[in-house]
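# Observations on the model geometry
Each chain, letter by letter, is given below.
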Amino acid sequence: MAENIRVLLVEPGEKPRLVTVEHTLEHLQALVGGFIQAVYPWEDPVALVCDDEGLFKGYPFNRMLVDKDGNPCDAVKGAFFICGLGREDFDSISDELATKYTELFLWPELLVRTEDEHVLWISLKPGTKPRVVA
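Computed from a prediction, not measured in an experiment: that's the story for all the values here.

### Digging into the pairing of strand E9 (residues 109-113)
Side chains on a regular strand alternate between the two faces of the sheet. Sheet topology places E9 next to strand E10 (residues 119-123); five bridges connect them, and they run antiparallel. Among the inter-strand pairings, Arg113 is bridged to a residue of E10, identified as Val119. Hairpin connection from E9 to E10: five residues lie between these consecutive antiparallel strands, with Glu117 at a positive phi of about 70°.

### Structural notes on the pattern of salt bridges
Going through the model one piece at a time under the given rule, you end up with five salt bridges. Put simply, Asp44 and Lys100 hold a salt bridge, and the shortest N to O gap is 2.6 Å. Residue Asp44 is found in the loop between strand E3 (36-39) and strand E4 (46-51), and its partner Lys100 is found in helix H2 (residues 95-104); the two are separated by 56 residues along the sequence. Salt-bridge contacts for Arg113 lead to Glu117; the nearest nitrogen and oxygen are separated by 3.6 Å. Side by side, Arg113 and Glu117 carry an identical accessibility label, which is exposed.

### Looking at the pairing of strand E5 (residues 61-66)
In terms of burial, E5 is largely enclosed, as five of its six residues are buried. As judged from the five bridges shared by E5 and strand E6 (residues 72-77), these two strands associate in the antiparallel manner. Across the sheet, residue Phe61 finds its bridge partner in E6, namely Lys77. The antiparallel hairpin formed by E5 and E6 contains five residues in its connecting segment, where Gly70 sits at a positive phi of about 85°.

### Quick look at the nonpolar core
Membership of the largest hydrophobic core comes to 14 residues, with the highest contact counts inside it found for Val46, Phe80, Ile82, Ile93, Tyr101 and Phe105. Those elements that place two or more of their residues in this core are strand E1 (4-10), E4, strand E7 (80-85) and H2. Val7, Leu28, Ala47 and Phe81 belong to the second largest nonpolar core, which has 13 residues in total.

What counts and what doesn't
- Residues numbered from 1 in each chain as written.
- Predicted model: local features only at pLDDT ≥ 70, side-chain atom pairs only at ≥ 80, totals over all residues.
- Heavy atoms only, no water.
- Pairing = 2+ DSSP bridges.
- Helix = DSSP H or I, 4+ residues; strand = E, 2+ residues; numbered from the N terminus.
- Salt bridge = Lys/Arg side-chain N within 4 Å of Asp/Glu carboxyl O.
- Buried < 20%, exposed > 50% of the residue type's maximum accessible area, 1.4 Å probe, protein only.
- Core = buried A, V, L, I, M, F, W, Y, C linked by side-chain atoms within 4.5 Å.

Okay, structure coming up:
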């Protein structure tokens, strides 16, 4: 029987939430809706795991990833989760890192195409202003 791991699930339009999932490929894929892809955009020992084809499947926009200066560098479509990294595999996310990434992704975001074909990135966090990303 597989063990369970605790991950931070981030779904489009929703606030992040901690979930416990059976640590099998089938169950991890079910969380994101397809073949999983892990990316490592931060220095923390965590992975962002999403559907490998989420950008092409018509999934709704979820969140924008930003570089260390706050500039947008990649868009994530569809559900994703953040998990810890073990020695050879995914692991449960620590309480400290779960809090950090919950705060990072707390506010849902939108991408909106304008009439003149620009793309606005809008965070629902109070006090933020839309930014043109394309």
